[in-house]
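Observations on the three-dimensional arrangement
Read off the chains here:
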Amino acid sequence: MKKILLVIITFNFLIIFPALSNTEIIDDMDIVIGWSEEGDAAVKYLMAVSGGSMLLYYDFSSGTWAQTVKDVSLYDISGGDSLRFWYRGSGNNNNLLITLIDSDGDRWYKQFNGVTAASVWTEQILPFSDLSLAATGNGDFNTYQVYEIAFAVVPGEGGSGTLEIDRLELYRKNALDPTDILLDDFEGGPASTKNKLGGSFGDWGNGGSTITATYDNTAGNVYSGSYSLKLEYTNLGSYESGYWSTPNGVDITTATHLQFYVKSSNDNEAFSIALGSSTSTEQVVRIWGIGTTWEKISIPLRYYDQISNEELQEIRTFVIYLIENVCRGSGKIWFDDIRFVRSATSEGVIKVIDDIDKPVTHTSWGVYADSNAQGSLSQIAGYDGYALRLSYIFNSGNLVHMARLFYPNMSLSNSLRLKYAGDNAINDLEIHVLDSDNTHFWKKYTSVTDTDDEWQTLTIPFSDFGLYGSETGDDSILDLKKIKYIRLTVSKSGGGNGYVIFDDLEYLVNPTVALAGGKGILDNISFDNNPFSPNSDGIEDTITFSFKLLKDASVKLKIYSNNGRVIQELGSEELLSAGEHSLVWTGNDKDERTARNGIYFFQIRAESADGENDRYTNVVGVLR
């Protein structure tokens, strides 16, 4: 997660908030993976667009809706070979169990015995090769689609203690040499009978289509060397037509990308590239927006996420499909230097999975304890910023764990945002959001799909979303901490055919303000139902701020609007005894009006009889 800096200027606790929001990326669509096309007869195809975006093509000559949908609760760790994190603990010495679960339930796990009482922060690099597989899904762990990661304490000595975890990273432990596997550079010219892997090749046309594959040595039509492949087409219909070249069972597991050079005689051409093994159904990736000058295309092999690692050891299918309704009339497309490659990769951090700097209530971390065991989570000062502390008591239990689900946590957000562009027909655009129990909200924009290919930005406040029919899941509350599906839908209004291109799906987040000042009076601060919904329906109508006083002190809770104005104040000057306490906000301001939807700042301030003070500032969301 990116760190967000909020500058707070205080004078008698006048707060100035110079910037109230930033963004978290759900999908930048630079790699279009995990999206699928759905719809009735109107949906035609979904494709990656050259330059990093996603195109949905539709035709309302029949059918009324076409959409693309993604499960956004899954996380991609395919770029690394290890996890790195820091841990320490206290109390009895027990065992640390790390578990990862993929989208269909397969589990990777590793147990470290007798390590939980480490008194200093300890770095741990855990190679994926050290993880054992519990084949509770399809037996093939999918590193593109990780659903959960958990750190568990398993009894060694038993009893009680703490385990603290900080800064979870995707890491590469083993440096990689480059890979370059050439399928064909076409340098054999017209006399060629095999590609560079020893496989056959050829062209075909269907349904009246004509495809002719030839070798071209004309100046300007060759990227490098003496020849390129030229595919000349006429009368493309509704049948698949194109070019095939057999990779002859090549092992491409050491490669990360399919790379080639391409240009066309017409602007904005499109085609598909399919890969497959002898045992797998071929999987297609579509490329859009090819122009009349040479450009390098590099397709990450993780686009082909339905082909297992085992199947990548024996690739036997490589096909270029020309696309109907895009390559219209006649034209030519040239290809050169088709190869499977990997750049040299050095040891180091690939990305931060979780810096664990947000308060527990604003994350997707949770705690679980089996029968006869107890566990709780709290935020503490960590190895780097903040960390999570798992406090446990075993009694006669066998497991206490802290688990991180990868749902986007939008509870501190007030809006969803995406970019889109479209052309041809004028129809409606819908944005659908579903949470983990399938409660379904949506927003519809009418007659917006034709933008003449000019990019537009939609910023959609969550308050503008409405319940979709009666699809309430287990309840009628959209859980912004557990958003599971995003659907982008084109629905029929004007009819006709066209396309919409999507990019940069994200949500606006408000800065998390860390513990400020501090004299050691406030401890164990937590709050439930954030955001909460003060609409008198009996569900999450209030928010409770809980805290522990380390000494007798007076406590005040102030709620601020985003311009720094105090709208509510709770607590008093009366001294409270050391121990556990709580304050409840009903969502009303000082004039007993219910606060509007949005983000508010709160501060809990404690002052002891001898003048020492402590304060905690953070944000709370209202979503009625």
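Cut-off values and rules
- Residues numbered from 1 in each chain as written.
- Predicted model: local features only at pLDDT ≥ 70, side-chain atom pairs only at ≥ 80, totals over all residues.
- Heavy atoms only, no water.
- Helix = DSSP H or I, 4+ residues; strand = E, 2+ residues; numbered from the N terminus.
- Buried < 20%, exposed > 50% of the residue type's maximum accessible area, 1.4 Å probe, protein only.
- Areas by Shrake-Rupley, 256 points an atom, 1.4 Å probe, with all protein chains shown as cover.
- Phe/Tyr/Trp six-rings, centres within 6.5 Å; stacked < 30°, edge-to-face > 60°.
- Lys NZ or Arg CZ within 6 Å of the ring centre and 35° of its normal.
- Pairing = 2+ DSSP bridges.
- Axes fitted to C-alpha atoms, helices over the stretch in contact; angles between N-to-C directions.
- pLDDT = per-residue confidence, 0-100.
- Contact = heavy atoms within 4.5 Å.
- Polar contact = N/O pair within 3.5 Å; in protein donor to acceptor, adjacent residues only side chain to side chain.
- Salt bridge = Lys/Arg side-chain N within 4 Å of Asp/Glu carboxyl O.

A look at the overall build of the protein chain
When you go through the protein chain residue by residue, the secondary structure sums to 0 helices and 42 strands. With respect to the principal axes defined by its C-alpha atoms, the protein chain has extents near 95 × 60 × 40 Å. Here the protein chain, with 624 residues, has 52% of them falling under the buried criterion. Accessible surface for the protein chain amounts to roughly 25,900 Å². Of this, 43% is attributable to carbon and sulfur atoms.

Thoughts on the packing of aromatic side chains
Using the criterion set out here, one finds 26 aromatic pairs in the structure. On the basis of an interplanar angle of 80° and a centroid distance of 6.2 Å, the ring pair of Y147 and Y407 is categorised as edge-to-face. Separated by 260 residues along the polypeptide, Y147 in strand β11 (residues 146-154) and Y407 in the loop between β28 (400-405) and β29 (413-424) bring together distant segments of the chain. For the pair Y392 and F394, a centre-to-centre distance of 5.2 Å together with 50° between the ring planes defines the contact as tilted. Assessed through its relative accessible area of 1%, F394 is described here as buried. By way of ring pairs, the aromatic residues F186, F201, Y215, Y227 and Y243 are connected into one cluster. Residue placement shows K263 over the ring face of W334; its charged tip is 4.9 Å from the ring centre. Across the ring face of Y75, the terminal group of K351 is positioned such that the distance to the ring centre comes to 4.5 Å.

What to know about the pairing of strand β37 (residues 543-549)
For β37, the buried fraction is high: 5 of the 7 residues fall into the buried class. For strand β36 (residues 522-527) and β37, the ladder comprises 4 bridges, and the chain directions are antiparallel. Bridge pairing in β37 links S526 to S546.

Digging into the sheet that holds strand β33 (residues 466-472)
Strands sit in the order β2-β5-β34-β30-β31-β33 across an open sheet of 6 strands; the sheet is antiparallel. One side of each edge strand has no neighbouring strand; the edge strands of this open sheet are β2 (35-39) and β33. Adjacent strand axes in the sheet meet at a mean angle of 25°, parallel and antiparallel pairs treated alike. In terms of strand pairing, β2 meets strand β5 (residues 65-71) through 5 bridges, oriented antiparallel. Of the residues in β5, the one forming a bridge with E37 is T68.

A short note on the confidence of the model for the protein chain
The pLDDT averaged across the protein chain works out to 86; a share of 92% of its residues lies at or above 70. Contacts of residues 1-21 to residues separated by more than four positions or lying in other chains number 45 contacts, the stretch itself having pLDDT below 50.

Some details on the environment of L322
As for its position among the elements, L322 is in strand β22 (residues 315-322). For L322, a relative accessible area of 5% puts it in the buried group.

Examining the sheet that holds strand β38 (residues 553-560)
Strand order in the open sheet made by the 4 strands is β39-β38-β41-β42, with antiparallel pairing throughout. The sheet is open, and its two borders are formed by β39 (566-576) and β42 (613-622), each paired with just one other strand. Strand-to-strand twist across the sheet, computed as the mean angle between neighbouring axes with direction ignored, equals 15°. Both β38 and β39 contribute to a ladder of 7 bridges, which runs antiparallel. From the neighbouring strand, K558 faces β39, where its bridge partner is E569.

Some thoughts on unusual backbone geometry
Positive phi, normally seen in glycine, also occurs at I356, with a value near 55°. Looking at the element boundaries, I356 is found in the loop between β24 (348-354) and β25 (365-369). For E592, which is not a glycine, the phi torsion comes out positive at approximately 65°. The topology assignment puts E592 in the loop between β40 (579-585) and β41 (598-608).

Here we look at the side chain of H440
Relative to the assigned elements, H440 resides in strand β31 (residues 439-445). Owing to a relative accessible area of 1%, H440 belongs among the buried residues under this scheme. Looking at H440, its side chain comes within polar contact range of the side chain of H432, at 2.8 Å. Sequence-distant contacts of H440, defined by excluding residues within four places in its chain, comprise H432, V433, L434, G466, L467, Y468, E471 and R487.

What about the environment of G498?
Turning to its location among the elements, G498 is positioned in strand β35 (residues 497-509). By relative accessible area, which is 0% here, G498 ends up buried. Separated by 69 residues in the primary sequence, G498 and I567 place their C-alpha atoms 49 Å from one another. For G498, the contacting residues outside a window of four places in its chain are L56, Y57, Y58, D423, N424 and A425.

Focus: the pairing of strand β23 (residues 330-342)
A regular strand places its side chains so that they alternate between the two faces of the sheet. Of all 13 residues in β23, 11 are buried, a share of seventy percent or more. Of the pairings in the sheet, the one linking strand β13 (residues 179-184) to β23 comprises 5 bridges and is antiparallel in character. For D180, the partnering residue across the bridge sits in β23 and is V341. Both strand β16 (residues 228-234) and β23 contribute to a ladder of 6 bridges, which runs antiparallel. Along β23, the bridge assignment pairs L229 with F335. Note: strand β18 (residues 257-264) against β23, 7 bridges, orientation antiparallel. Bridged to H257 within β23 is V341.

Concerning the pattern of salt bridges
One pass over the structure, following the stated rule, counts 21 salt bridges. The salt bridge partner of K196 is D185, with a shortest N-O separation of 3.0 Å. Placement of K196 in the loop between β13 and β14 (201-204) and of D185 in the loop between β13 and β14 is noted, with a sequence separation of 11 residues between them. Among the charged side chains, a network of salt bridges with common partners joins R84, E123, R167, E169 and D384.

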